[in-house]
Amino acid sequence: MLPTRPRITWLKNFRVTAAALGLVVALAGPAHAQNSNAVPNSPTPKQESAPANARLIWLRAEIARHDELYFKKNAPEISDAAYDSLKQELRQLEQAPANESSSVSELKSVPSVGDDRSGGFTSTVHRQPMLSLEKAYTEAELRAFIQRVERHTGSSKLNWVIEPKFDGLAISVTYENGRLVRAVTRGDGLQGDDVTENVSTIPGLPPTLPNGYPPVVELRGEVYIDYATFARLNVEREEAGDPPFTQPRNLAAGTLKLHDSREVARRHLSIVFYGLGAWEGSPAKPTTQQALHALVRDWHLPGVDSFKTAHTPEEIWAAVTRLERQRARLGFPTDGVVVKADDCAVQEALGVSAEAPRWAIAYKFPPERVSTRLRAITLQVGRTGIITPVAELDAVVIGGTKIERASLYNADAITRRDLRIGDWVYVEKAGEIIPVVVGPDASMRTSAVTPFEFPLRCPACEGKLVRNEGEATTRCVNRECPGQVKRRIEHYASPEAAGIKGLGPVAIAALVDGRKVKTIADLYRLRSDDLVNIGDVAESVAGQLIEQIEQSKKTRLPRLIYGLSIPGVGRAAAKEWAASFSHLAPWSAANRTALSNPDSLRSTPLEAFFSQQHNFMLIDDLLSLGVSPKTEEALQASGPLSGKTVVITGALPSWTRAEAKQHIEAAGGRVTEAVSRRTHLVVTGEGAGAKLAEARSLGIEILDEAELRKRLTQ
């Protein structure tokens, strides 16, 4: 969470007309009007020729615009440092003597910590204001803060606590008489959105405190999404044919403001506590920051486990750099550290300013950002028709990973960043995971660069591209588009769906381009000669592949439904929809019956899929070709591993974990992660560790891959 995004609050009687804003933008200069993020980490160059008053008004409007993007839309356009530069310039202009007697002095902004209220939740007043934090971007700025605190306290022997700065959304949780009664976002610092229902879904957040609590306590912390959850959600998005989320912080903030608590619970938010607001009654509140951390643990609340302590500026800087080196291994998004005076008496003596406490500062890590050339922008056609622009880059290394390509998501993202082919661009990893093109290095731009125009026709089939009103994505609506067909067949053949081993992208592309395969049903019409002649495959390999395709006719029903590439349907939804049916035919028939009702809505992905005649024809085609997927009940009743619970540990010689799981489930077994007394078999490979030892201690049968293969054929 960015702690010091102050929102410029206009005085009630001041109104800015569209004409006035147009004049201000014109005075501020055309360069910024065209590209607000041309140079990352740098504000728009100050226009010396513009009147100071006009510049001041423009800065207020521009900062307010960025606050709206950051707090309300969770879609920041510029870096934190660039934002802070704009704000610093605003302060300097507001404090300039020339403005004290000018008419602009009447428009002075009221210091604030920003405002994340969306308007869709009840606003609730904090018992104590939720302030922001002063920020430092360099070692010198951090040392200057420490010296200032030491000077005001008259002591150079203070105790300090250094905590990782979680990158999420600030939250205040109130317990009354030990019961959780309210969770409120920071809002404007004085009042925020009441998101109690959503926060209550967070695992690990107890509804009651165990003991030793006062009648009322406000606990301050952060709601965030850890990297493992972020990766899981993006896998699910890709499975459903949706574009991935781009950044953990924005996803956490957006999730917390959803109006569907069930979806909030499914996304699995996390929370951490590191501060106090109001504390009413006895026992007395903690006297140090370290004691607060201990109390959070005693109350069984999620707390900060990786904080450090220090006594000198040198020790503080060493702790900061140590946490910076460790940030990739922490498992949660962090964009810096927070340095706090440990003694609460010192904190109270120093007090607070209008925006932030004087006893704490956030040191922001510099993003690992590199500059490279944008060689081209290519377009990927997804299996559901979504067109995704991709940046083709000169290879660079970030965080030990070689990066040559990065998704640009949609046409708006290219326009917003003013990316042009041939530009030198800044690239960094969003949330330490996904490579992101931040923006161009405007100082390196030459006349040779080429603006990118999003095409009107699909690059794979020349069909018309469509962008629906209110959507950011562009789609190819031609169901027979070769690009879509290839992706759909790749998806159907994947281990998570039908699991046709050996049918990879090269063979699929040859079959589609050779017009041997137009739908997934055409796979079941293939013969060995087709693969040999079109796919340039050896006869022996072709025979094995035809055998794999034949075996896939017996795949599980949820896997087949998932393999149909129904927009918006991932594995979980496919399993849910398959649960009530014994076979593909009754599943299809049930949907036909539902859609024959004139009052039937087309609101769900399944209804939308079956409302198109060609999809019913595809199901009929699969049935006529002998595709008869098994249900969970049939597998459990008849397979060689019927009723067995299996755990896989270590790397198997020839099967991936997903492939082994598929074979086990096809034989009626159930794969789980943890070894317990209910486990029947443990399949081991290279690197098997604690799970293998636990299986031995419990006397559970242990198999290697070869023994598992034999068991599957019994």
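This structure is a prediction, so every number in the text was calculated from the model and none was measured.

S.K.: Would you explain the overall build of the protein chain in this entry?
M.R.: Helix and strand content of the protein chain: 27 helices and 24 strands. Here the protein chain holds 714 residues, and the buried ones make up 50% of them. Taking the intrachain contacts of the protein chain between residues at least 6 apart in sequence as the baseline, contacts between residues at least 24 apart amount to 71%. As presented, the protein chain carries roughly 33,000 Å² of accessible surface, and 51% of it is formed by carbon and sulfur atoms.

S.K.: Would you explain the sheet that holds strand β23 (residues 681-684) in this entry?
M.R.: Taken in spatial order, the four strands make up an open sheet running β22-β21-β23-β24, and their pairing is parallel. Where the open sheet ends on each side, the last strands, each with one partner, are β22 (670-672) and β24 (701-703). Geometrically, the sheet is characterised by an average inter-axis angle of 30° between neighbouring strands, direction not taken into account. The sheet contact formed by β23 and β24 spans three bridges and is parallel. Bridge pairing in β24 links Val683 to Leu703. Along the sheet, helix α27 (residues 705-712) makes contact with β23 and β24, crossing β24 at roughly 105°.

S.K.: Is there a simple way to explain the packing of aromatic side chains in this structure?
M.R.: Here the distance between the centres and the angle between the planes together describe a pair of aromatic rings. Per the stated rule, a full pass over the model turns up nine aromatic pairs. Members of the aromatic cluster, connected to one another through ring pairs, are Phe166, Tyr224 and Phe332. A cation over an aromatic ring shows up here: Arg709 above the ring of Trp655, its NZ or CZ 4.1 Å from the ring centre.

S.K.: How should the pattern of salt bridges be read in this particular structure?
M.R.: Where side chains of opposite charge bring their charged atoms close, a pairing between them can arise. Evaluation of the coordinates by the stated rule reveals 30 salt bridges. Between Asp394 and Arg375 there is a salt bridge whose closest N-O contact spans 3.2 Å. Residue Asp394 is found in strand β13 (residues 386-398), and its partner Arg375 is found in strand β12 (residues 370-381); the two are separated by 19 residues along the sequence. Its relative accessible area of 29% is what places Asp394 among the partly exposed residues. Taking relative accessible area as the criterion, Arg375 reaches 44% and is therefore assigned partly exposed. Each of Arg127, Glu176, Arg182 and Glu280 takes part in one network of salt bridges that share partners.

S.K.: I'm lost on the environment of Thr185 in this one. Help?
M.R.: With respect to the helices and strands, Thr185 occurs in strand β5 (residues 179-185). Separated by 68 residues in sequence, Thr185 and Ala253 have C-alpha atoms that sit 9.9 Å apart. With residues up to four places along the chain from it excluded, the contact list for Thr185 reads Asp116, His126, Met130, Leu169, Ala170, Ile171, Gly192, Asp193, Val195, Leu256 and Lys257.

S.K.: Sorry, what's going on with the sheet that holds strand β11 (residues 360-364) here?
M.R.: Taking strand neighbours across the sheet as the criterion, the five strands line up as β2-β11-β10-β3-β9 in an open arrangement whose pairing is mixed. Strand pairing shows two members of the sheet lacking a second neighbour, β2 (134-136) and β9 (308-310), which therefore form its edges. Across the sheet, the mean angle separating the axes of adjacent strands is 30° when strand polarity is ignored. As paired elements, strand β10 (residues 334-341) and β11 share five bridges and run antiparallel to each other. Within β11, the residue paired with Val339 across the bridge is Ile361. Contacting β3 (160-166), β9, β10 and β11, helix α12 (residues 313-326) runs over the sheet at an angle of about 25° to β3.

S.K.: Teacher, can you tell me more about the side chain of Asp342 here?
M.R.: As for its position among the elements, Asp342 is in the loop between β10 and α13 (344-350). Buried and without a salt bridge, Asp342 has Lys340 as its closest oppositely charged side chain, separated by 9.4 Å. Of note is the side chain of Asp342, whose polar atom sits 2.9 Å from the side chain of Gln290. Not counting the four nearest positions on each side in its chain, Asp342 is found in contact with Asn159, Trp160, Val161, Thr287, Thr288, Gln289, Gln290 and Gln347.

S.K.: Please clarify how unusual backbone geometry should be interpreted in this entry.
M.R.: A negative phi angle characterises most non-glycine residues, just as the trans form characterises most peptide bonds. Cis geometry marks the peptide bond from Ser282 to Pro283, where omega comes out at 5°. Here Pro283 lies in the loop between β8 (270-280) and α11 (289-298). Positioned with a positive phi, His268 is a non-glycine residue whose angle comes to about 65°. Relative to the assigned elements, His268 resides in the loop between α10 (261-267) and β8. Note on His268: relative accessible area 35%, which makes it partly exposed.

S.K.: I tried to follow the pairing of β11 on my own but got confused; where do I start?
M.R.: For a regular strand, side chains alternate in direction, first toward one face of the sheet and then toward the other. Among the five residues of β11, five are classified as buried, and the element is accordingly described as predominantly covered. By the alternation rule, side chains of β11 split into Ala360, Ala362 and Lys364 and Ile361 and Tyr363, which are all buried. Here β2 pairs with β11 via three bridges, running parallel. Within β11, the position partnered with Glu134 by the bridge is Ile361.

S.K.: Is there a simple way to think about the packing of helix α15 (residues 482-493) against helix α16 (residues 505-513) in this case?
M.R.: Relative to each other, α15 and α16 sit at 140°, their axes nearing to 10 Å. Compared by their axis directions, α15 and α16 come out oblique. You can see that α15 and α16 cross each other, and the crossing is right-handed. Across from Pro482, Val485, Lys486, Ile489 and Glu490 in α15, the residues of α16 making contact are Pro505, Ile508, Ala509, Val512 and Asp513. Residues of the contact of α15 with α16, tallied by class, amount to seven nonpolar, no polar and three charged.

S.K.: Where do I start with the nonpolar core in this structure?
M.R.: Side chains of nonpolar character tend, in soluble globular proteins, to be buried together. Formed by 41 residues in total, the largest nonpolar core has its most connected members in Ile500, Leu503, Leu523, Leu564 and Leu622. Those elements that provide at least two residues to this core are α15, α16, α18 (539-551), α19 (557-563), α20 (571-578), α22 (605-610) and α23 (613-624). In terms of nonpolar packing, the next biggest core, distinct from the first, is built from 36 residues, Leu205, Leu233, Leu251 and Val436 among them.

The rules we used
- Residues numbered from 1 in each chain as written.
- Predicted model: local features only at pLDDT ≥ 70, side-chain atom pairs only at ≥ 80, totals over all residues.
- Heavy atoms only, no water.
- Helix = DSSP H or I, 4+ residues; strand = E, 2+ residues; numbered from the N terminus.
- Buried < 20%, exposed > 50% of the residue type's maximum accessible area, 1.4 Å probe, protein only.
- Contact = heavy atoms within 4.5 Å.
- Areas by Shrake-Rupley, 256 points an atom, 1.4 Å probe, with all protein chains shown as cover.
- Pairing = 2+ DSSP bridges.
- Axes fitted to C-alpha atoms, helices over the stretch in contact; angles between N-to-C directions.
- Phe/Tyr/Trp six-rings, centres within 6.5 Å; stacked < 30°, edge-to-face > 60°.
- Lys NZ or Arg CZ within 6 Å of the ring centre and 35° of its normal.
- Salt bridge = Lys/Arg side-chain N within 4 Å of Asp/Glu carboxyl O.
- Lys, Arg positive; Asp, Glu negative; His and termini not counted.
- Polar contact = N/O pair within 3.5 Å; in protein donor to acceptor, adjacent residues only side chain to side chain.
- Parallel < 35°, antiparallel > 145°, perpendicular 65-115°, else oblique.
- Left-handed = near helix turned anticlockwise from the far one by under 90°.
- Nonpolar A, V, L, I, M, F, W, Y, C, P; charged D, E, K, R; others polar.
- Core = buried A, V, L, I, M, F, W, Y, C linked by side-chain atoms within 4.5 Å.

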